[in-house]
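Below are the chains, spelled out letter by letter.
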Amino acid sequence: MNLTPPIGRIMDTSAQPCGFSPGDTDATTCMQPATWHIAWDAAMENGLACDEHMAYAKQFCYVDRHPVGIDCATPGSTWFFEEKRCGYPGEQTPTVAHAAASLPGEHA
């Protein structure tokens, strides 16, 4: 059994910048490393924020947020609300996947 989801390319999320941009211009975009992934509405409009601008964003309504992870930047990922992370449709939770990978006859 293959437990590896089709995750696409592994991307370095540390380079994802905070999207805070008063005036929506390159000159005013924060560009600090993002630490939070924010779902703004039910249509899943989303953005990235550093710690400072996440504190600012808390004054607005948003659907959910979670710490930025590697899956937040990979094509095809989706938001897992209960687990506070991004991942792939149909993938097993990390706990279940780790347990399954440890079964006799399976390769971890």
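Residues numbered from 1 in each chain as written. Predicted model: local features only at pLDDT ≥ 70, side-chain atom pairs only at ≥ 80, totals over all residues. Heavy atoms only, no water.

1. Remarks on the sheet that holds strand E2 (residues 46-49)
Basically, it comes down to this: Paired strands, in this sense, are two strands between which DSSP finds at least two bridges. Here a helix means four or more residues in a row that DSSP labels H or I, a strand means two or more in a row labelled E, and each is numbered from the N terminus. Axis geometry follows a simple rule: fit a line to the C-alpha atoms, using only the stretch in contact for helices, then measure angles between N-to-C directions, giving values from 0 to 180 degrees.
Strands sit in the order E2-E1-E3 across an open sheet of 3 strands; the sheet is antiparallel. Where the open sheet ends on each side, the last strands, each with one partner, are E2 and strand E3 (64-67). Strand-to-strand twist across the sheet, computed as the mean angle between neighbouring axes with direction ignored, equals 20°. Across 4 bridges, strand E1 (residues 36-39) lies against E3 in antiparallel orientation.

2. Some details on the side chain of His53
Operational definition: Contacts: residue pairs with any heavy atoms within 4.5 Å of one another.
On the secondary structure map, His53 appears in helix H1 (residues 51-57). If near-sequence neighbours (up to four positions away) are discounted, His53 is found in contact with Cys18, Phe20 and Cys30.

3. Section: the nonpolar core
Rule in force here: In these notes, a set of buried Ala, Val, Leu, Ile, Met, Phe, Trp, Tyr and Cys residues joined through side-chain atoms within 4.5 Å is what counts as a nonpolar core. A simple rule labels every residue: compare its accessible area, found with a 1.4 Å probe on the protein chains alone, to the largest value its type can have, and call it buried under 20%, exposed over 50%, or partly exposed in between.
Listed in full, the 7 residues of the largest apolar core are Cys18, Trp36, Ile38, Ala49, Cys50, Met54 and Ala57. Of all the elements in the fold, those that place two or more residues in this core are E1 and H1. The contact partners of Cys18, leaving out residues within four places of it in the chain, are Thr29, Cys30, Met31, Gln32, Pro33, Ala34, Leu48, Ala49, Cys50 and His53.

4. A word on the pattern of salt bridges
This is how it is decided: Each reported salt bridge corresponds to a side-chain nitrogen of Lys or Arg within 4 Å of a carboxyl oxygen of Asp or Glu.
Summed over the entire model, instances satisfying the criterion amount to 2 salt bridges. Here Asp64 and Lys84 are joined by a salt bridge, their closest N and O atoms 2.3 Å apart. Of this pair, Asp64 sits in strand E3 while Lys84 is found in the loop between strand E4 (78-80) and strand E5 (85-87), placing the two residues 20 residues apart along the sequence. Using a relative accessible area of 6% as the deciding quantity, one classes Asp64 as buried. Exposure remark for Lys84: the relative accessible area of 43% places this residue in the partly exposed category.

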